[in-house]
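Listed below, chain by chain, are the residues.
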Amino acid sequence: MANTSTRTLRLLSLLQTHRYWPGSELAERLGVSPRTLRRDIDRLRELGYPVEAQRGVEGGYQLAAGAALPPLVIDDEEAVALAVGLQAAAQGAVEGIAESSVRVLAKVAQVMPLRLRRRVDALRAMTVSVGWGGPARAGVDPGALTAVALACRDSERLRFSYTAANGQQTDRHVEPHRLVCLGRRWYLVAYDLTRHDWRSFRADRLAEPQGTGARFRPRDLPAADAAEFVRAGLDNVPRPYRVEVLVDAPAATVRGRIGRWSTVEEVDAEHCRVRMTADSLDWPTMALGLAGADFRVLDPPELLDQIHNWGARFNRA
């Protein structure tokens, strides 16, 4: 018979695998008596796991939903699937999912055995991700993203190599503040210890991040939040397209739908002005569709042409 702690973890894993276990079958799986099984079930309940029991000859046990999410026990295959899925979600454009995925991925990577990390890396290396629309853009290494996320969480100084837009490569030593997912890109907001100022770094241009082991006391960011800091910096970067649209909907409604990728200004109670900068007109076109309201293009004229072309194509379909 396994020791009590090991058996309890095994019991939890079994309960998470099947919706319902007959008591006799569960006891047989664990190699214990029904009485010992009941004690182990009580131990799980004391730890906060809501285990429901059905009494009688055909009685058994099942793990119910609780008020809070208790720790999960997963096997090797599930751990690999979880890590790969989180990596894919971290590089997606679903609002509210990417940043949460990176936080969870950092937790999983921290405790994952080396043998499982190799399997995750191998699977990722042999998987082709297909993007949509616009120019091809470099992907972000999930391993680098995880290392940066851990440094942000632990307030640990970070060193990495960074390639600027002009191709110049420099070594950076920073105090990482936050990771921001904005406009289908990841950015690191950090205090640059060499330049003595706050900077935002595109994660796809960042390589070989290494924690130094040196902790720091977080500084006050000169902005309301990290996303605002990144957005303000992007507004000063020359881009091929500057989009301005008048939308027939309240600013609060539009801001809730596409405010993450644009600046939304109230015109009156029923109208707002939306501004975006972009490398391609594909994404603004998609975003305006997500706004869920009629709109009028003010600038640029090329966006109006593209919307007409898309509309005609959709009508033909």
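Remember, it's a predicted structure, so these values are computed and weren't measured experimentally.

## Structural notes on the sheet that holds strand E10 (residues 263-268)
- An order of E10-E11-E9-E12 is seen for the four strands of this open sheet, with the pairing classed as antiparallel. Taken across any chain shown, the strands that pair with only one partner, and hence form the sheet edges, are E10 and strand E12 (295-299). On average, each strand axis in the sheet is inclined to that of its neighbour by 25°, with strand direction left out of account.
- Pairing of strand E9 (residues 241-247) with strand E11 (residues 271-278) involves seven bridges; the strand directions are antiparallel. For Val245, the partnering residue across the bridge sits in E11 and is Val274.

## Comments concerning the pairing of E11
- Burial of E11 is one-sided: the residues Cys272, Val274, Met276 and Ala278 facing one way are buried, the residues His271, Arg273, Arg275 and Thr277 facing the other way are not.
- Counted between consecutive antiparallel strands, the loop separating E10 from E11 contains two residues.

## Details of the confidence of the model for the chain
- Residues with a pLDDT of 70 or more make up 78% of the chain, whose mean pLDDT is 80.
- Contacts for the low-pLDDT stretch residues 126-136, under 50 throughout, to residues beyond four places or in other chains number seven contacts.

Scoring rules and cut-offs
Residues numbered from 1 in each chain as written. Predicted model: local features only at pLDDT ≥ 70, side-chain atom pairs only at ≥ 80, totals over all residues. Heavy atoms only, no water. Pairing = 2+ DSSP bridges. Helix = DSSP H or I, 4+ residues; strand = E, 2+ residues; numbered from the N terminus. Axes fitted to C-alpha atoms, helices over the stretch in contact; angles between N-to-C directions. Buried < 20%, exposed > 50% of the residue type's maximum accessible area, 1.4 Å probe, protein only. pLDDT = per-residue confidence, 0-100. Contact = heavy atoms within 4.5 Å.

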